[in-house]
Amino acid sequence: GSFGPAGAFAEYCVCPEGQISKVPKDVMLSEVAGLPLAGLTAYQALFTGSGSSTQCEALGSVSKGDKVLVLGGNRGPGHLAVQMAVRKGANVTTTVPPSFVDWLCDLGAIRVFNFRDADWAEHLQGEDFDL
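Residues numbered from 1 in each chain as written. Predicted model: local features only at pLDDT ≥ 70, side-chain atom pairs only at ≥ 80, totals over all residues. Heavy atoms only, no water.

1. Here's the deal with the overall build of the chain
In plain terms, the rule: To qualify as a helix, a DSSP run of H or I must reach at least 4 residues; to qualify as a strand, a run of E must reach at least 2; elements of each kind are numbered from the N terminus. Only protein chains enter the accessibility calculation, which uses a 1.4 Å probe. A residue is then buried if its area is under 20% of the maximum for its type, exposed if over 50%, and partly exposed in between. In what follows, residue pairs with any heavy atoms lying within 4.5 Å of each other are defined as contacts. Residue burial considers only the protein chains on display, and all accessible areas are found by Shrake-Rupley using a 1.4 Å probe. Neither His nor the chain termini are counted; the positive set is Lys and Arg, and the negative set is Asp and Glu. For charged residues, the charge sits on one atom: NZ in Lys, CZ in Arg, CG in Asp, CD in Glu.
Per the secondary structure count, the chain includes 5 helices and 5 strands. The dimensions of the chain, computed from C-alpha atoms along their principal axes, are 45 × 35 × 25 Å. When each of the 131 residues of the chain is scored for burial, the buried share is 26%. Counting contacts in the chain only where the partners sit at least 6 residues apart, residues at least 24 apart contribute 46% of the total. Split by element, the accessible area of the chain, about 9,200 Å² in all, is 54% carbon and sulfur. The chain carries 9 positive and 14 negative side-chain charges, and their two centres are separated by 7 Å.

As structure tokens, then:
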């Protein structure tokens, strides 16, 4: 689906009620303010076909069984991309600092590389990823 006219940096916006969520009272707005932009970034990269690779190939049509590599799976768009791709049935590989390895495994990534201990590029050399 389309998100209509884009724009995430205004002080106020008008949108359909079904496209917003209320922040619970026990959560600080400053803790979740970036969530919509991070989520939209992950969504667009995975599903809209509006991204392009460094070779100018269209990206963004992840489906069941696809192999997806997410660099920085612990970051805002990264952990959301992992969850979205896993939910779609993709096989996700990601890179994270040591303290995030278990969390990304819990989110469903099938391979999680601690980039401080493992040379993930060497381990993945010659492997093809769909995204």
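2. What about the sheet that holds strand β3 (residues 67–71)?
For the record, the criterion: Strand pairing is assigned whenever DSSP detects at least two bridges linking the two strands. A fitted line through C-alpha atoms serves as each axis, taken over the contacting stretch for helices, and the angle formed by two N-to-C directions is quoted from 0 to 180°.
Taken in spatial order, the 3 strands make up an open sheet running β3-β4-β5, and their pairing is parallel. With partners counted over all chains shown, the strands left at the sheet margins are β3 and β5 (111–114), one partner each. Direction aside, the axes of adjacent strands within the sheet are offset by 15 degrees on average. Across 4 bridges, strand β4 (residues 91–96) lies against β5 in parallel orientation. Looking at the pairing, T93 lines up with R111 of β5.

3. Some remarks on the side chain of T94
Within the element layout of this structure, T94 appears in strand β4. Beyond its immediate sequence surroundings of up to four residues, T94 is in contact with V70, G72, G73, V82, L104, A109, R111, V112 and F113.

4. Considering the pattern of salt bridges
The criterion, for reference: Each salt bridge in this description consists of a side-chain nitrogen of Lys or Arg and a carboxyl oxygen of Asp or Glu lying within 4 Å of one another.
Counting across every chain of the model gives 2 salt bridges. Note that E127 is salt-bridged to K67, the shortest N-O span being 3.1 Å. Of the two residues, E127 is situated in the segment after α5 (120–124) and K67 in strand β3; the sequence distance between them amounts to 60 residues. Given a relative accessible area of 26%, E127 falls into the partly exposed group.

5. Here's the deal with the environment of A85
Tracing the backbone shows A85 in helix α3 (residues 76–88). Taking the relative accessible area as the measure of exposure, A85 reaches 0% and is therefore buried. Between the C-alpha atoms of A85 and V68, which are 17 residues apart in sequence, the distance is 7.5 Å. With residues up to four places along the chain from it excluded, the contact list for A85 reads L46, V68, A90 and V92.

6. Some points on α3
The following threshold applies: Multiplying 1.5 Å by the residue count of a helix minus one yields the expected span of that helix.
Spanning 13 residues, α3 covers 19 Å between terminal C-alpha atoms, matching the ideal 18 Å at 1.5 Å per step. Residues of α3 that are buried: G78, H79, L80, A81, V82 and A85. A positive backbone phi angle near 100 degrees is found at G89, which sits one or two residues after α3.

The values reported here are purely geometric and, on their own, carry no functional implication.
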